[in-house]
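Here are the chains, one letter per residue:
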Amino acid sequence: MRYRLQRISGVCLAVAVLPFLWAESLARDSETVLHAFEYDSDGGFPFAGPTMDSKGNLYGVADFGGAFDGVCCGTVYELMPTQKGGWKYSVIYTFKGNILGEAPVGGLILDEAGNLYGTAQIGGRVLGCGIVYELSPNAKGEWKKTDLHAFTHPDAPHYDGCTPSSYLVFDQTGNLYGTTQLGGGNEYDGQECGETNWGCGTVFKLAPQENGKWKETLIHRFPERSGDGQEPYAGLVFDHSGNLWGTTIDGTDYSTFGTAFELTPDANGKWKESAVFDFTGNSTGYGPYAGLVADAENNIYGATYYGGNGAGLIFKLTPGKGGRITENVIHAFETCNETECPDGIGPFGGLTMDSNGHLYGTATQGGAQGTFCNPPGEDIEVGCGVVFELAPAGNNNWNYSILYAFPGGTQGSYLLDDRLSVAAGGNIFGTAFVGGDVGQNSVCPEEVILEPGCGVVFQLTP
């Protein structure tokens, strides 16, 4: 198994043993499964949420599966709404493995011409460290994949990153930005992250050139225990002043457990990085696997997998004078009582903000619906994850509600998607990591599976 998947699977399985308290929420949306993954032909285990284009088509990635030389390496899919009210699923690219890439974990983004951009954690070179790729459609509806950058093998001095796990983001001039979870060190500097001598992650920029190629620049390297965090797992976000914000899942020293960082450009195109907030424990939350989102006032919002009451929290970071950052916890997920887990547990994915300033997100487990996600031998109804909404209520208060609690099984289990897509009409689109086809047709590999089924793409309707 790959390092990344081992780590995330362990996180998912651990949350069922959290301490028990009580919370009250109300589910009000209805769910429709748009596609249940079968693994062999269409891929399986979607980590990322789908992206919607201007026509209402959805695009996303499945981390594993797909029919190439046996079953291997992940797929990119399209879901098109039909005139009869259904959805047509198509695989538009199957990853080939080795130097051609595999394991697309981060979600996709679109440019104005309808091209798709994403990352894959493995490949690009022999024993490669991942790629950034583009998929371009032609007039026949066929898609061509172009690798924009391949990250350098860790045996090379000053190599430029390894394991890109995030979605990408554009700036106003068409440059792409993203993160690698590891890498950026060299064989002399003693940066030991992930039981390697590879370095502790990077932030990179890709700029399109006149010859059609893309030029990569590392705008920050995260050295181990240097004061600015390590292992940036999630994607980045621009605030309205042109600064980049992100998170690391490990801290600045052995007393912190993640950071929020800011990258500020100067007139010469250089970037200055600052670890602006440390996550230190339950009061602040810790383990920020999720990306961030910014509002019009440059407030920053995100989630931590742990902390709060023990089940994770949603936070707001407010910049102040002199660069001071103030954190407000706008929702702390309640842990379970003796018989059930009514609230969500463990928000792994990022947040989506609509035009009214409402926040939408997911929690990996919880919701107290169904039996699929109950721990073996335990008499407690956990639930298989929730989609929630946070609505601003004035004076820094927020109204929290669960829009849908997943029962597991055919409806999907374990919500890991990096962020949801929220349509103008209020429909919400996302993915569940497992579930869907839970019968004998499921061929999901046992070393990956948490529950029966290879995952689903879902729609929630108000």
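As shown above, the structure is provided for reference.
Reference entry: report on the structure contained in this document.

## So, the packing of aromatic side chains
Link 1 in the chain: Scanning the entire structure with this criterion turns up 33 aromatic pairs.
Link 2 in the chain: With centroids separated by 4.8 Å and ring planes inclined at 65°, the aromatic side chains of phenylalanine 47 and phenylalanine 433 adopt a geometry described as edge-to-face. Within this pair, whereas phenylalanine 47 is found in the loop between strand 1 (30–36) and strand 2 (51–52), its partner phenylalanine 433 is found in the loop between strand 29 (428–432) and strand 30 (456–461), the two being separated by 386 residues in sequence.
Link 3 in the chain: In textbook terms, an aromatic cluster arises when at least three aromatic residues are bridged by ring pairs, as seen for Tyr233, Phe257, Tyr286, Tyr289, Tyr305, Tyr306 and Phe348.

## Some thoughts on the state of the cysteines
When the sulfur atoms of two cysteines share a covalent bond, that bond is a disulfide.
Link 1 in the chain: Across all of its chains, the model carries 4 disulfides by this definition.
Link 2 in the chain: Paired through a disulfide, cysteine 129 and cysteine 162 show a sulfur-sulfur distance of 2.2 Å. With the S-S dihedral at roughly -75°, the linkage between cysteine 129 and cysteine 162 falls on the left-handed side. You can see cysteine 129 sitting in the loop between strand 7 (116–120) and strand 8 (131–137) and its partner cysteine 162 sitting in the loop between strand 9 (143–150) and strand 10 (169–170), a full 33 residues away along the chain.
Link 3 in the chain: Covalently, cysteine 373 is tied to cysteine 384 through a disulfide, its sulfur atoms 2.1 Å apart. Because the sign of the S-S torsion sets the handedness, a value of about 115° for the bond joining cysteine 373 and cysteine 384 places this disulfide among the right-handed ones. Here cysteine 373, found in the loop between strand 25 (365–366) and strand 26 (386–394), pairs with cysteine 384, found in the loop between strand 25 and strand 26; they are 11 residues apart in sequence, far enough to count as distant.
Link 4 in the chain: Residue classification places cysteine 373 among the buried residues on the basis of a relative accessible area of 3%.
Link 5 in the chain: Residue classification places cysteine 384 among the buried positions, given a relative accessible area of 0%.

## Things to note about the pairing of strand 19 (residues 300–304)
Link 1 in the chain: Most of strand 19 sits inside the fold, with 5 of its 5 residues counted as buried.
Link 2 in the chain: Of the two faces of strand 19, the one lined by Ile300, Gly302 and Thr304 and the one lined by Tyr301 and Ala303 are each fully buried.
Link 3 in the chain: In this sheet, strand 19 lies alongside strand 18 (residues 293–294) in antiparallel orientation, the contact comprising 2 bridges. Considered in strand 19, the bridge of valine 293 is made with tyrosine 301.

Cut-offs and rules
Residues numbered from 1 in each chain as written. Predicted model: local features only at pLDDT ≥ 70, side-chain atom pairs only at ≥ 80, totals over all residues. Heavy atoms only, no water. Phe/Tyr/Trp six-rings, centres within 6.5 Å; stacked < 30°, edge-to-face > 60°. Helix = DSSP H or I, 4+ residues; strand = E, 2+ residues; numbered from the N terminus. Disulfide = S-S within 2.5 Å. Buried < 20%, exposed > 50% of the residue type's maximum accessible area, 1.4 Å probe, protein only. Pairing = 2+ DSSP bridges.

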